[in-house]
Amino acid sequence: MLRQTVYKINNKEISVAVGSNLANLLTDFLSKKRHGKLFLLSNETVFPLWGNKIYKVLKDKFGVVGKIIVADGEQYKNFEIIESILKQLILEGADRTSILITIGGGVITDIGGFAASIFLRGIPVIHYPTTLLAQVDAAIGGKTGVDFYGFKNMVGSFYQPDAIFCDTETLSTLAAGQMSNGMAEIIKYALIGNEEIYKILKNNNSDSIAKASIIEDLIWKSMDTKFNIVAADEKESGKRILLNFGHTFGHAVESASRFSLLHGQAIAIGMAFAYFYSEMRGYATKIRFEQVNRLIGRYGLKTTVPHSIKINDIFTFMAKDKKRSHGNLRFIFAKNMGVAVEKAYDVKDAIDKFMDMG
Ligand SMILES: NC(=O)c1ccc[n+]([C@@H]2O[C@H](COP(=O)([O-])OP(=O)(O)OC[C@H]3O[C@@H](n4cnc5c(N)ncnc54)[C@H](O)[C@@H]3O)[C@@H](O)[C@H]2O)c1
């Protein structure tokens, strides 16, 4: 079932749609807008699977459409790619009236959003995210950017798209593990307070959510949760920090695994740790910690740190994070429902004990 709405972030209207097979809807949206040449940005994996189909629909309707296909992988989320995108836009005659349409996972929406935000000081961008993670997280909220100097997402901008089209059909070709990767962020929305999502997750598992009506509902509700938080705090000076739930420890585990764990797999462990640490500090009960562990496990995600990961590496990466936040590591504690943001105490002790559970 197609669902559509318009969100507003600091007076910028963002049209969103969730449903299946949305190429024609994208065409209708573009038909109602005045625009010059359209450009598609995708990668070598996604373009043949989904981009080409959309390219043909747009070409039939609007004539010439630019096509920018980049290499696939986080290692290409860098300045060189941005430069090559900007060069191609110039060579193919893009101007202020052009629109860039990104088709891909979070890497593509991040680099496409960033390139669009700086080309001619900003041309419109539309996201057509094709991973679950990008549909429920990366494409929403306007954070764009690239990795730089060994740091993830070190350089970028806040830049809201004109529209986001979440086509659930594209999820059918995702590689193993990529659905769980996105599910971790959906679980996060439940745990930071969306009770409706929590209920759906409790009543389903990784097989049953594959049903179109359920996954569409989860994407729709997740989008709504993130949009509402971002609308209240676009630049992360307050409430938006809640979206980092499970990420302090999760990021450190992800880095310490040398990225052999997918982001969502690491965040799942980060959320389990948040409950463990919260129980130690009296915010959440042991029963709740166990309930949440079971919930995470239902979606193909682990809740303990793999033995191959060294505790000292985790400490090193957490210390880096702390340095980036000027020594004020605020931790998002889990309560039985919802969260509380407080300064972290005895976190090393909590990590020690948590690692013993693996
Ligand atoms: N801007 C934000 O707010 C935000 C939030 C979360 C994550 N991110 C960023 O998003 C990135 C991770 O995104 P991701 O998990 O989507 O990874 P990704 O973009 O690397 O996609 C994962 C893999 O799936 C492939 N793929 C994409 N769609 C496919 C499809 N429909 N069928 C088959 N294969 C497909 C991709 O080519 C890639 O190989 C990271 O760079 C992260 O920093 C940004």
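For the structure, see preceding data.
I will try to describe carefully the structure that is included in this document. These numbers were taken from a predicted model, which means no experiment stands behind them.

Some details on the nonpolar core
As a rule of thumb, nonpolar side chains are buried together in soluble globular proteins.
Next, step 1: Counting residues in hydrophobic clusters, the biggest one holds 78 residues, and the most contacted among them are Leu201, Phe245, Phe249, Phe273 and Ile314.
Next, step 2: A total of 11 residues in this core trace back to one element, the largest contributor, which is helix 10 (residues 263–280).
Next, step 3: Residue contributions to this core reach at least three from each of two domains, namely domain 1 (3–173) and domain 2 (178–356).
Next, step 4: Contact partners of Ile314, with chain neighbours within four places excluded, come to Phe249, Ala252, Val253, Ala256, Val305, Ile309 and Met355.
Next, step 5: Leu25, Phe29, Ile99 and Phe165 belong to the second largest nonpolar core, which has 23 residues in total.

Thoughts on the site of the ligand
Next, step 1: Taken together, 26 residues are adjacent to the ligand, and Glu74, Lys77, Thr130, Thr131 and Thr173 come closest.
Next, step 2: Contact between the ligand and Glu74: an oxygen atom at 2.6 Å from a side-chain N or O atom of the residue.
Next, step 3: At 2.7 Å from a nitrogen atom of the ligand is found a side-chain nitrogen or oxygen belonging to Thr173.
Next, step 4: Relative to its unbound accessible surface of 860 Å², the ligand loses 85% to contact with the protein.
Next, step 5: Those elements giving two or more residues to the shell around the ligand turn out to be helix 2 (46–62), helix 4 (106–118), helix 5 (132–138), strand 8 (151–158) and helix 6 (178–191).
Next, step 6: Residues of the shell around the ligand, tallied by class, amount to seven nonpolar, 11 polar and eight charged.
Next, step 7: In this structure, the shell around the ligand is formed jointly by two domains, domain 1 (3–173) and domain 2 (178–356), each of which donates at least three residues.

Comments concerning the pattern of salt bridges
Next, step 1: Scanning the entire structure with this criterion turns up 18 salt bridges.
Next, step 2: The partner of Asp110 in a salt bridge is Lys77, and the shortest N-O contact between them spans 2.8 Å. Residue Asp110 is located in helix 4, and its partner Lys77 is located in the loop between strand 4 (65–70) and helix 3 (79–91); the two are separated by 33 residues in the primary sequence.
Next, step 3: Since its relative accessible area comes to 3%, Lys77 is described here as buried.
Next, step 4: In this structure, the salt-bridge partner of Glu83 is Lys87, at a minimum N-O distance of 3.8 Å. With a gap of four residues between them, Glu83 and Lys87 both fall in helix 3, about one helical turn apart.
Next, step 5: For Glu83, a relative accessible area of 44% corresponds to the partly exposed category.

Overview of the packing of aromatic side chains
Next, step 1: Counted according to the given criterion, the structure contains 19 aromatic pairs.
Next, step 2: Geometrically, the ring pair formed by Tyr7 and Phe227 is stacked, given 4.1 Å between the ring centres and 10° between the ring planes. Taken as a pair, Tyr7 in strand 1 (residues 3–9) and Phe227 in helix 8 (residues 212–232) lie far apart in primary sequence, 220 residues in all. No difference in accessibility class separates Tyr7 from Phe227, as the two residues are buried.
Next, step 3: Pairing Phe273 with Tyr277 gives two aromatic rings, centres 5.6 Å apart and planes at 25°, and the pair type is stacked. A residue pair is termed a helical-turn pair when its members lie 3 or 4 positions apart in one helix, as Phe273 and Tyr277 do in helix 10 at four residues. Like Phe273, the residue Tyr277 is buried in the burial classification.
Next, step 4: In this structure an aromatic cluster arises from ring pairing among Phe249, Phe273, Phe276, Tyr277, Tyr283, Phe289, Phe331, Phe333 and Phe354.
Next, step 5: Between Lys67 and the ring centre of Tyr55, over which it is positioned, the NZ or CZ distance is 4.7 Å.
Next, step 6: For the cation-ring pair, Lys343 lies above Tyr345, with the distance from its terminal atom to the ring centre recorded as 5.9 Å.

Reading the values: the criteria
- Residues numbered from 1 in each chain as written.
- Predicted model: local features only at pLDDT ≥ 70, side-chain atom pairs only at ≥ 80, totals over all residues.
- Heavy atoms only, no water.
- Core = buried A, V, L, I, M, F, W, Y, C linked by side-chain atoms within 4.5 Å.
- Buried < 20%, exposed > 50% of the residue type's maximum accessible area, 1.4 Å probe, protein only.
- Helix = DSSP H or I, 4+ residues; strand = E, 2+ residues; numbered from the N terminus.
- Domains from an automatic or database assignment.
- Contact = heavy atoms within 4.5 Å.
- Near = heavy atom within 4 Å.
- Polar contact = N/O pair within 3.5 Å; in protein donor to acceptor, adjacent residues only side chain to side chain.
- Areas by Shrake-Rupley, 256 points an atom, 1.4 Å probe, with all protein chains shown as cover.
- Nonpolar A, V, L, I, M, F, W, Y, C, P; charged D, E, K, R; others polar.
- Salt bridge = Lys/Arg side-chain N within 4 Å of Asp/Glu carboxyl O.
- Phe/Tyr/Trp six-rings, centres within 6.5 Å; stacked < 30°, edge-to-face > 60°.
- Lys NZ or Arg CZ within 6 Å of the ring centre and 35° of its normal.

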